[in-house]
Amino acid sequence: MRSLILIGGAMAGLLAAPLALRPAGAEHPGAQTIVIVSPHDLQTRIEFNTAFVRYAHEELHQDVAVDWRTPGGTGEIQRYLATQFHQAFRRAHPDLLQEGWERFDDAGLDKPGAQAPPGAKAARAAFLAADAPDAVSSGVDLWWGGGVLPQARAADQGYLVDAGLVRAEPTWFTPSCIPQTLSGETVYDPKGRYYGAAFSVFGIGTSLDRVHALGLPVPAQWQDLGEGAWCGTLGIVDPTRSAAAASAFERLIQQQMLEAVEALPAAPAPTASATAAALARGWQDAFTLIRRIGANARDISDGASLSVREVAHGDAAATMCIDFQARAEAEYAQTMSGQERLVFQAPVGGTSVSADPIALLRGAPHRALAVAFLRFVLSHEGQRLWNDRPGIPGGPEHFALRRLPVRRDCYTAEERARMTDPDTDPFALAAHFTYHAAWTGPYYDLMANLVRATVLDPRDELVAAWRAILAAGGPARVPQAYAAFATPIVPYGDAPAAKAGLAGGTATRLALLRAWTLRAQAAYRSARQLADEGR
Amino acid sequence: MAARSGSFGGWVGMGLVALLLAVFLAGPLLVVLTQGLSPVVLHAALANPVYREGLANAFLVATVTTALALVIAVPLAWLSSRYRFRGQRLLEAVLLAPLVLPPFVGALGIYQLLGEYGIVNSLLAHLGGRLPGPDWMGNHRFAIVCAVEALGLYPILYLLTVAAFRRLDASLIEAAQASGASWTQVAWRIVLPLARPALFSGGVLVFVWSFTELGTPLMLGYTRITPVQVWMGLNELAANRVPYALVVVMLLSATAIYLLGRWLFAGRYDAQIDRSSHGAEQVLRGGAALAAAAPYVLVAGLAVLPHLVVLLVGLTKDWYGTVLPRGWTWMHVQEALSHPQVVPGILNSLRYSLAATALALAIGTFIAWVGVRWRPWGWRALDAAAMVPLAVPGIIFAFGYLGLGVAIGHGLDPTKNPAPLLIIAYSIRRLPQVVRAVAAGLAQTPVVLEEAAAVAGASRARSLARITFPLIGASLAAAALLTFSASMLEVSDSMVLAMVRSSWPITRVIFDLLNALGSGPAIACAFAGWAMLFLICCLAGAAVLLGRRLTSLFRS
């Protein structure tokens, strides 16, 4: 009996500890709940949750709670929302389930003269006509985070609707506060369907101990990661699962394309066909570089944050990531150990400053409150949470989020004194790079899937080929092998057709991806054989 | 056993329980089959080289894991069945720890152990190597997954094999030795062949469980394997039914393996086993005892080590490039237990586990009572059905529940409120243990007491309440504690069904914490450490209540 009492006491103690330590006032019974789907990390969710609950209580006199849905990275969120909308459409319009109804979210149907069965057009019209919880609703109010391109695509599909902030807050949406574009990238949608909420800079996170052990310099440019010396040491992230990775790859591709165009003789001015050829060359060079980086990787992560952690622990030497992820890990290591273990390097001329947007979803069940949240995030008060030091009144309570506000008025000298990264200026960094949306913007999905199908899925063959090439003395010593290694799978000229193929339904899509993987595998096997033969 | 005729109430109960099992046991399996058993979807799944590789890897992991588990379990089982030495009971208990320690949590510790600047490499550096050492996780992930799974699953084989070895007729071995057979000849020609049914049934269980294990490969980042691919496909189920097809392939493979096992080994060797005579146990002392204890310590140490590391990481300031942690702190524990995600997670898990325990006890006690005391028509089918969850892997059930919940809708749709489905899923998963525990308790309680009560005019309800339940109280309490503790850290159902954040149970919260930047993993470890301590308390309680009968609950 005594032992039972002891055990019971221990259990009670264990249960009491978290209840005693529970933060006070965390929940209000009867609070209205908004639903936000987001890939944001826990710290961001916690700080904005706390601040918004307080703001709503004090300013709106309303008790609110936030239901965060985190199905995973941006790829997962896109799939999750598509699934939710398809189910909702099926429920809301049983009378419209004619042939082609699944294309109710196909933006291609909006073009004048688009060919489609009548069922598709009727479904599309019905979908776009209503924006109410009892019409077609995903059950989610806001989508926050994951990059402009996925949200721009969702906006065109009709998943996102105008939250009305551009009209409601005209003083915010001016070049002196929140510019519409920065380094060629959209910061907010002029139609008000998505709004940049923070800036992200893509770059390279590097483990200092690992580079010292390898005897290599800290990589400063994307090209550096393609060197054979990194073989088996890099972290790489699946771009179909992480928008951060997809965007980083896109910057890499843009840089290669830009360099190819800049290499053209300036006078006489290059013809359109010469420019097109240069762009195609740049695209191809970029994919070869991505293959080399992929072949240098030690493993594939599903999320950029996991890959950054591998670097912080010294398990991987370097990885492509977003600035705030690397800064958060670096800060944690520094605080706990007093040592600098991780550095972040933005490749100058190889990265833009991109906005990380927030958007209102069609059929939002708690529309008014969702708009209030959106407004709070973009307000000066909300923006301060991104980079103020924790504990300062008006700043985050516990965590330094180390992200960059989108409002220029958050970068005054007075504001900088409160910031964790006072020297970072996204507006200055943006001047070194111009993002050409027309070059790669339409192929966001294609690029991610191409990387996955030709670099990640056939990774065993890729690594074997690359190691054989390195063992034979490098690409210059075995040119035929390297040419096979670099075999184009989808040349730039074929990108529009490939894009259409990916959008052509699940079966077509899966068949296309399979075909790319098989062709890449064959190319790498041949490269390996040629390298082994010294050719 | 008295066969008291069943009353009307008894039959109503039978009907209700049968209906419940039909919906929540057969239902999920049917859903999986109907969703995934379409030639188009199966083709889409199997034509993709990535999914094919996933299946091949799942088979390879299962094969290697089973082989490793056999290598670990059989020699230990032999030691346990033939020798006695001081401290052996304690070591045997520690050896069973992996049955209750979630491999999911242990995987957290593996990164600390095997990282480039982890414990093993730091130790190697001390012994003359240098940091960073070998990249274990980068180059040997497959082997690590297999080793971790084998160290989590060997107890099943160990328990079955010990029982089989103890049943061996010692005179056979003595006769062989007298005829000059060597030790290896005895092992290969007599012991192993006679124990083959036990080895095979244990091997099949280990094979199927490792074939379908989600938590370990997911946590160790081994993603090219079917269970993880299925989990990753969850978010696109409406548009893409490939995950269901993969689950069907897993289900069919598992069934095929069971049938093969049955067909090959059912009852073939029983005739040669003398149930009445036990092999004499040799008592070891001094050096021999120490030598015999060494393998126990080694295996139990390896199995518990990752969990121990998790406990330490939760209390550590920094652990990078050193064998032992550098500096201690309560910060992570405090942060973990005051975390806005953690308290709701604990409360959710408590709610679900308590409800699941009550449900499992109600159904399980009824099934056990029917099987031991009443035995009407169909009792065997009911008893067999209650054992099905032992054989069907968690992820298959979880997927079936998901489909079932969405199909039934109303209160059971997990995309709206996962709680009811989670409670049902947890309770059905633990039904076998509850039925076994309560049946054992009932079988040991003399039926004459109940008959005497009936003769004295007590109603059945009164005799149950005043005589039967008090007498089997310890069994009921132990079954309750085991169901409760297993539900608190359940993985598959929690990961698949907890689709709404506010309803996340502990394991889902740990997984989320792990992905958080900065202190995330340390907080996850601190929280996991708390959860393990809680689990240990539950089990200690069960052990006190049940005494040595505790381990019998894990035998299937």
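Treat the numbers as computed from the prediction; the structure is a model and nothing was measured.

Caption draft 1: Focus on the environment of Arg 292 of chain A. All names here are of chain A. Among the structural elements, Arg 292 can be located in helix 9 (residues 272-296). Sequence separation between Arg 292 and Ala 266 is 26 residues, and the spatial gap between their C-alpha atoms is 31 Å. Those residues within four positions of Arg 292 in sequence are excluded, and the remaining contacts are Gly 226, Glu 227, Trp 466, Pro 475, Tyr 482 and Phe 485.

Caption draft 2: Seen up close, the interface of chain A and chain B. The interface is formed by 62 residues belonging to chain A together with 68 residues belonging to chain B. Summing the contributions of chain A and of chain B, the shared interface buries around 5500 Å²; its carbon and sulfur component is 60%. One can count 6 salt bridges joining chain A with chain B. Between Arg 210 of chain A and Glu 116 of chain B there is a salt bridge, with its nearest N and O atoms 3.3 Å apart. Applying the counting criterion to the chain A and chain B interface returns 11 residue pairs in polar contact (both at pLDDT 80 or more).

Caption draft 3: Representation of the packing of helix 20 (residues 495-502) of chain A against helix 21 (residues 506-532) of chain A in the model. Residue and element names in this part refer to chain A. With their axes 7 Å apart at the nearest point, helix 20 and helix 21 run at an angle of 130° to one another. In terms of orientation, helix 20 and helix 21 fall into the oblique class. Packed against helix 20, whose contacting residues are Ala 498, Gly 501 and Leu 502, the element helix 21 presents Thr 508, Arg 509, Leu 512, Leu 513 and Trp 516 at the interface. When the residues that make up the contact of helix 20 with helix 21 are grouped by side-chain class, the tally is 5 nonpolar, 2 polar and 1 charged.

Caption draft 4: Seen up close, the nonpolar core. Counting residues in each nonpolar core, the largest one holds 233 residues, and the members touching the most others are Phe 52, Trp 144 and Phe 373 of chain A together with Tyr 401 and Phe 527 of chain B. Beyond its immediate stretch of four places on either side in the chain, Phe 373 of chain A contacts Ile 34, Ile 36, Phe 48, Phe 52, Trp 68, Leu 142, Trp 144 and Ile 358 of chain A. Grouped together as the second largest cluster of nonpolar side chains are 66 residues, Ala 245, Ala 248, Met 447 and Leu 462 of chain A included.

Caption draft 5: Up close: a nonpolar patch on the surface. Residue and element names in this part refer to chain B. A cluster of nonpolar side chains, contributed by Leu 298, Leu 302, Leu 305, Leu 308, Leu 311, Leu 533 and Ile 536, occupies part of the molecular surface with about 580 Å² of accessible area. Here the nonpolar patch gets 5 residues from one element, more than from any other, and that element is helix 15 (residues 286-313). Within the secondary structure, Leu 305 is located in helix 15. Residue classification places Leu 305 among the partly exposed positions, given a relative accessible area of 33%.

Caption draft 6: Up close: helix 21 of chain A. Residues and elements named next belong to chain A. Compared with the 39 Å implied by 1.5 Å per residue over 27 residues, the 39 Å span of helix 21 between its first and last C-alpha is a close match. Every buried residue of helix 21 is listed here: Leu 510, Leu 513, Arg 514, Trp 516, Thr 517, Ala 520, Gln 521, Ala 523, Tyr 524, Ala 527, Leu 530 and Ala 531. One or two positions beyond helix 21, positive phi appears at Gly 534, with a value near 75°.

Caption draft 7: Spatial organisation of the pairing of strand 10 (residues 318-322) of chain A. The buried count for strand 10 of chain A comes to 5 of 5 residues, which makes it a mostly enclosed element. What you see with strand 10 of chain A is no split at all: Ala 318, Met 320 and Ile 322 of chain A on one side and Thr 319 and Cys 321 of chain A on the other are buried throughout.

Caption draft 8: Geometry of the packing of aromatic side chains. All names here are of chain B. Per the counting criterion, the structure on display carries 46 aromatic pairs over all chains. Ring geometry for Trp 78 against Phe 165: centres 5.4 Å apart, planes inclined by 85°, an arrangement best described as edge-to-face. Within this pair, whereas Trp 78 is found in helix 3 (residues 49-82), its partner Phe 165 is found in helix 8 (residues 141-167), the two being separated by 87 residues in sequence. Residues Trp 78 and Phe 165 agree in their burial class; the two are buried. Note on Trp 231 and Phe 511: the rings are 5.4 Å apart at their centroids and 85° apart in plane angle, and the pair reads as edge-to-face.

Caption draft 9: Geometry of the side chain of Thr 454 of chain A. By secondary structure assignment, the location of Thr 454 of chain A is in helix 17 (residues 444-456). Not counting the four nearest positions on each side in its chain, Thr 454 of chain A is found in contact with Ile 489, Trp 516, Ala 520 and Tyr 524 of chain A.

Caption draft 10: Region of interest: the confidence of the model for chain B. Residues and elements named next belong to chain B. Mean pLDDT over chain B stands at 83; residues scoring 70 or higher make up 93%. Scored below 50 in pLDDT, residues 269-277 makes 17 contacts in the model with residues more than four places away or belonging to other chains. Model confidence for the complex is summarised by a pTM of 0.80, with the ipTM given as 0.78.

Thresholds, definitions, all that
Residues numbered from 1 in each chain as written. Chains lettered and ligands numbered in written order. Predicted model: local features only at pLDDT ≥ 70, side-chain atom pairs only at ≥ 80, totals over all residues. Heavy atoms only, no water. Helix = DSSP H or I, 4+ residues; strand = E, 2+ residues; numbered from the N terminus. Contact = heavy atoms within 4.5 Å. Buried area = accessible area lost by both parts, 1.4 Å probe. Salt bridge = Lys/Arg side-chain N within 4 Å of Asp/Glu carboxyl O. Polar contact = N/O pair within 3.5 Å; in protein donor to acceptor, adjacent residues only side chain to side chain. Axes fitted to C-alpha atoms, helices over the stretch in contact; angles between N-to-C directions. Parallel < 35°, antiparallel > 145°, perpendicular 65-115°, else oblique. Nonpolar A, V, L, I, M, F, W, Y, C, P; charged D, E, K, R; others polar. Core = buried A, V, L, I, M, F, W, Y, C linked by side-chain atoms within 4.5 Å. Buried < 20%, exposed > 50% of the residue type's maximum accessible area, 1.4 Å probe, protein only. Patch = residues over 30% accessible without salt bridge, like charges linked within 9 Å, V, L, I, M, F, W, Y side chains within 5 Å. Areas by Shrake-Rupley, 256 points an atom, 1.4 Å probe, with all protein chains shown as cover. Expected span 1.5 Å × (residues − 1). Phe/Tyr/Trp six-rings, centres within 6.5 Å; stacked < 30°, edge-to-face > 60°. pLDDT = per-residue confidence, 0-100.

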